[in-house]
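# Coordinate analysis (summary)
Here's the letter readout for the chains.
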Amino acid sequence: MNFIPLDYEALRLIWWLLLGILLIGYAIMDGFDLGVGALLPFVAKNDDERRIVINVVGPVWEGNQVWLILGGGAIFAAWPALYATSFSGFYLAMMVILIAIILRPVGFKYRSKIADPRWREIWDWALFIGGFIPALILGVAVGNVLRGVPFEFDDTLRVFYRGGFFGLLTPFALLAGLVSLCMLLTHGAAMLTLKTDGPIAERARTYGRITAIATIVLFALGGLWVAYALDGYVVTSVQDVLGPSNPLNKTVVAKTGAWLANYSAHPWMMIAPVLGFLGMLIAILGFSGRLAWITFLGSAIGILGIISTAGLSLFPFLLPSSLAPNASLTVWDASSSHLTLWIMLLATCVFLPIVLVYTAFVYRVMRGKVTTASLGKNPNAY
Amino acid sequence: MIDIDVVTLSRLQFAATAMYHFLFVPLTLGLSFLMAIMESVYVMTGRDIWRRMTLFWGTLFGINFAMGVATGVVMEFQFGMNWSYYSHYVGDIFGAPLAIEGLMAFFLEATFIGLFFFGWDRMSKVGHLAVTWLVAFGANFSALWILIANGWMQHPVGSTFNPDTMRMEITDFMAVLFNPVAQAKFVHTVSAGYVTGSMFVMAISAWYLIKGRHIEFAKRSMAVAASFGLASALSVVVLGDESGYVATENQKMKIAAMEAMWHTEPAPAAMNIIAFPDQAKQDNSFSISVPYLLGIIGTRSLSTELPGIVNLVDSAKERIRAGVSAYAALEAVRANPKDEAARATFAGKWQDLGYGLLVKQYRTDVENATEEDIAKAAADTIPNVPVLFWSFRLMVGLGFYFIGFFAAAFWVASRHKLGVNRWTLWLALFSLPLPWVAIEAGWLVAEYGRQPWIIEGVLPTFYAASGLTLWDLSLSLAIFLVLYTTLLVVELFLMVRTIRKGPHDRDPIEDTSPAHGASILPLPATASPRL
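Let me sum up the structure you'll find in this document. Keep in mind the model is a prediction, meaning the values are calculated, not measured.

### Notes on the overall build of chain B
In terms of helices and strands, chain B carries 18 helices and six strands. Its C-alpha radius of gyration of 26 Å places chain B within 12% of the 24 Å reference for a compact globule of 531 residues. Along the first, second and third principal axes, the C-alpha set of chain B runs to 75 × 55 × 45 Å. Within the span of chain B, comprising 531 residues, buried residues form 61% of the whole. Of the contacts made within chain B by residues no fewer than 6 positions apart, 79% connect residues no fewer than 24 positions apart. A total accessible area of about 19400 Å² is found for chain B, and carbon and sulfur atoms account for 66% of it.

Put into structure tokens, the structure is as follows:
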């Protein structure tokens, strides 16, 4: 592929970064939608308040969810082995997420079409589940990636997953799930302080402070666990960073604390966990000082830091195998071909900036607080 | 070894979720353009009834769109969940159009759909009109990329098998992009969506006219739908995707099965109008046919032969023999990856590898396949002929009906007789479900007719499924059936309720937008007290 100006190694690294950017983009953009959904029963006490909360995210959640769709598509296109292994291995967990994701659009759209309290209560539950479940389970999934997942390949690279659904619910994975849940609840609460007034914003501040503190404590606990109790993985053979994407050409061993190796080798990477803590701290101060924009910025920085911490700890692993460590997927042996990575990079460079511009435009048009009065004027409001 | 029950349940689940998703997509494709047309008329004429039309059809659009979004995520995740070997084997090619669909099309549609519903009093008229058109274009770009992906499953171009990674890899992205099958399918599928949207507007408006409600609203809606529907119905049939079918061997098998043509006939072949195909006997127990017709339509010539099913099975045997040899060549490369001679041998044979994999259903050591295995594998290349034959006839019959229906409606509309001609109204009302019947029949022809291949000629379906357990699949299938059935009932209930309530006869929104010609920028903050 002589006409491609970037070599295979560089493109694989770029796509590892882009994978991170897409996941962080999803967590920041759709994360507050999930958080707001999960906070719905707690911050809103009557139907008017619930409508305000729902309409905070109503106009934008559909666009935000495309980050998840794009994340899925990008993993398929750039990391097909990762897509095939994780989506089929986590089969029932994916089903649980899908149920939540199926309920969400209909919850938003159908809830306020009928003014019957029982009807609305059903959809409020759907919106709560649709926010709470993905926020928790996606974190559990990351916890399992850090623990290693029991999969192996046969010699035709057909993947076999040797674990059940309940095997995913280990204490460490649940801890990771709680970090994710608390972090997105904080982000949702931050959004509510930004877009609402009065009692809803007050309750959001109270809950947001608690969940931000919980995020810090749980994230620190996770760090200690990773350092002293959790097996990380180390590649023990030399990997050909320009070689074909075949995960069976290397050797890997499990070693406690190995996920911290990158931080001792490259101390600058410590910036990721620091941002995780710092962002959440800023969010706490923002909640207390009633600085809505600072709060939101803080929780976004916290999310960026926490997800980057997981990604940098794993590098170069994408999905380690606890059953057959040598079959683990890494950045250097699980990507698509050189040409596909290049074409996808071109497509991303052209379209992602355009997406960001029109997303910003939509937020600008929809700016301002959501109030009962603003809803009353719009027959399309949820 | 491969568990055929798991494969069968995986196929059933994919078919159920895809066909269900496709109840909502065509209406989104069609209705979005109809709304954009109506709103354009509003902006050009300033007559408020056109805005109320956009709002009302927009409400129904929203109810439908929510279901499309809910069921669409499932489609994207299912390849990895249920078809993990497929995802590994062709993800290098198939993943790209899916990702670009998200990036270029679905982002556009989903971001602006919020403004479509929430932006009416926050934007200028022209600004909001632009949003509506962007939603419509986003929806249709989505269809383009999905059909580029699907077109590659039917006619896999621009790629090669890499023995080092044990998968197909892209060699020519432009060939994938401009795949003739994908282009034909795109036009065919979106046109079918436009017909669906038009029929939806026709039928509901007809109901209002029958009831004597919202007369001006209904007449205008029908006039738009009749003209858009006529153009689309012609496009569906005339630009139908038959042209794309001639491209490859397996598409020939699909045509032969659709036409229940068991034996090659002298060109031009006769077309069976009615037939009772008997899959076991490999013949039709009864048929009525028109001489020459199929040859002329199918090949656009008088001298090109169309091969029959039995003859195509014979050619499949040849390719399976070649495939067994390709498989042996691949084994040689894998035994010693540094053997350049073995690589060269395989490079000359890889095109038949997929046919070799057909034997996997009968033995794991493909290289030792017997003539009996090869005969069985070749027989597997015949899709279900009776189902294809009748679904195809159902689809085509309805396609011609739509041309007639919309032509009649257009004629009535252009003579301003829409409220007078009551038979047109009842016909429109009872035709409401027909586009969906035609579309699902079309899906069966295209995808069920592709069997036994998941990627035609490259990867057999049974070989592509995930190694899940029967318990996993029974549970997920049960969840989908219960959840989808419940949601469909709720959706139809809300649709009917909204239709019964009918459009607002007065303006539901205070018009706060500036006059004509305003830019698409939002109002300045100081001018809007709600901020």
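### Some points on the overall build of chain A
For chain A, the helix and strand inventory stands at 14 helices and six strands. Against the 2.2 N^0.38 benchmark of 21 Å for 382 residues, chain A shows a C-alpha radius of gyration of 21 Å, consistent with a compact globule. With the principal axes as the frame, chain A shows a C-alpha extent of 65 × 45 × 40 Å. Out of the 382 residues in chain A, the part that is buried amounts to 62%.

### Re the packing of helix H1 (residues 4-45) of chain B against helix H4 (residues 125-154) of chain B
Residue and element names in this part refer to chain B. Look at H1 against H4: their axes get within 9 Å of each other, and the N-to-C directions meet at 160 degrees. With respect to H4, the axis of H1 lies roughly antiparallel. When the axes of H1 and H4 are compared, the crossing they make is left-handed. Side by side, H1 and H4 meet where Thr28, Leu29, Ser32, Phe33, Met35, Ala36, Ile37, Glu39, Ser40, Tyr42 and Val43 of the first sit next to Lys125, Val126, His128, Leu129, Thr132, Trp133, Ala136, Phe137, Ala139, Asn140 and Ala143 of the second. Tallied by class, the residues present in the contact of H1 with H4 amount to 14 nonpolar, six polar and two charged.

### Topic: a nonpolar patch on the surface
All names here are of chain B. Together, Ile273, Ile274, Phe276, Phe286, Ile288, Val290 and Trp390 make up a nonpolar patch on the protein surface, roughly 590 Å² of accessible area in all. Every element with two or more residues in the nonpolar patch is listed here: strand E3 (271-278) and strand E4 (283-290). Mapped onto the elements, Phe276 comes out in strand E3. Exposure remark for Phe276: the relative accessible area of 43% places this residue in the partly exposed category.

### Topic: the interface of chain B and chain A
The interface is formed by 87 residues belonging to chain B together with 76 residues belonging to chain A. When chain B packs against chain A, close to 7500 Å² is buried across both sides, 72% of that on carbon and sulfur atoms. Three residues, B:Leu103, B:Phe107 and B:Phe118, lead the burial of chain B against chain A; their summed loss comes to 11% of the area buried on that side. Linking chain B with chain A are one salt bridge. Across the pair B:Arg334 and A:Asp155 runs a salt bridge, and its minimum N-O distance is 3.2 Å. In this structure, the connection of chain B to chain A is made through 22 residue pairs in polar contact (both at pLDDT 80 or more).

### Focus: the nonpolar core
A general feature of soluble globular proteins is that nonpolar side chains tend to end up buried together. A:Trp79, A:Tyr110, B:Trp57, B:Tyr86, B:Tyr89 and B:Leu459 are the most contacted members of the largest nonpolar core, which totals 317 residues. Counting residues per element, this core draws most heavily on helix H3 (residues 84-118) of chain B, at 22 residues. Here B:Tyr89 is in contact with B:Phe161, B:Met166, B:Arg167, B:Met168, B:Leu353, B:Leu357, B:Val458 and B:Leu459, once residues within four sequence places are set aside.

### With respect to the packing of helix H6 (residues 91-111) of chain A against helix H7 (residues 117-147) of chain A
Residue and element names in this part refer to chain A. Relative to each other, H6 and H7 sit at 145 degrees, their axes nearing to 8 Å. Crossing angle aside, the handedness with which H6 passes H7 is left-handed. Of the residues assigned to the contact of H6 with H7, the class counts are 17 nonpolar, three polar and four charged.

### Notes on unusual backbone geometry
The linkage connecting A:Phe315 with the following residue, A:Pro316, adopts the cis geometry, with an omega of 5 degrees. Within the fold, A:Pro316 resides in the loop between helix H12 (292-314) and strand E5 (317-319). In this chain, B:Gln451 is followed by B:Pro452 through a cis amide linkage whose omega measures 10 degrees. Residues other than glycine seldom take positive phi values, yet A:Leu157 does so here, at roughly 65 degrees. By secondary structure assignment, the location of A:Leu157 is in the loop between strand E1 (151-153) and strand E2 (159-161). Although it is not a glycine, A:Arg290 adopts a positive phi angle of roughly 55 degrees. When you line up the elements, A:Arg290 lands in the loop between helix H11 (271-289) and H12.

### Quick look at helix H8 (residues 171-195) of chain A
With 25 residues, H8(A) extends 36 Å from end C-alpha to end C-alpha; this agrees with the ideal 36 Å at 1.5 Å per step. When you tally the buried positions in H8(A), you get 22 out of 25 residues, the bulk of the element.

About the thresholds
Every chain's residues receive numbers from 1 upward, in the order its sequence appears when written. To read the labels, note that chains go from A and ligands from 1, taken in the order they are written. Local features in a predicted model are, by the rule used here, given only for residues with pLDDT of at least 70; side-chain atom pairs are given and counted only at 80 or more, and totals for whole chains, interfaces and linings are based on all residues. As a rule here, side-chain values cover all heavy atoms of the structure and leave hydrogens and water aside. Helix numbering and strand numbering both begin at the N terminus, where a helix is a DSSP run of H or I of at least 4 residues and a strand a DSSP run of E of at least 2. Computation of the radius of gyration draws on C-alpha atoms alone. For the globule rule, the value is 2.2 Å times the number of residues to the power 0.38. Burial classes follow relative accessibility: with a 1.4 Å probe on protein chains only, a residue under 20% of its type's maximum area counts as buried, one over 50% as exposed, and anything between as partly exposed. Whether two residues touch is decided by their heavy atoms; if any such pair falls within 4.5 Å, the residues are in contact. Working definition of accessibility: Shrake-Rupley area with a 1.4 Å probe, residue cover restricted to the visible protein chains. Think of each axis as a best-fit line through the C-alpha atoms, taken over the contacting stretch in the case of a helix, with angles from 0 to 180 degrees between the N-to-C directions. Put simply, angles under 35 degrees are roughly parallel, angles over 145 are roughly antiparallel, angles from 65 to 115 are roughly perpendicular, and the rest are oblique. Here is the rule for handedness: rotate from the far helix to the near one, and if that takes an anticlockwise turn smaller than a right angle the crossing is left-handed, while a clockwise turn gives right-handed. Here the nonpolar group is Ala, Val, Leu, Ile, Met, Phe, Trp, Tyr, Cys and Pro; Asp, Glu, Lys and Arg are the charged ones; every other residue, Gly included, is treated as polar. Residues form patches when they are more than 30% accessible in relative terms and have no salt bridge. Like charges link within 9 Å. Nonpolar side chains (Val, Leu, Ile, Met, Phe, Trp, Tyr) link within 5 Å. For salt bridges, the criterion is a side-chain nitrogen of Lys or Arg within 4 Å of an Asp or Glu carboxyl oxygen. Accessible surface is computed with a 1.4 Å probe, and the buried area is the amount of it that two parts give up when combined, taken over both parts together. What qualifies as a polar contact is a pair of N or O atoms within 3.5 Å, subject to a donor-acceptor requirement within protein and to the restriction that residues adjacent in sequence count only when both atoms come from side chains. What we call a nonpolar core is a set of buried Ala, Val, Leu, Ile, Met, Phe, Trp, Tyr and Cys residues that are connected through their side-chain atoms within 4.5 Å. Multiply 1.5 Å by the residue count of a helix minus one, and that product is the helix's expected span.

Function cannot be inferred from these measures alone, as they are strictly geometric.
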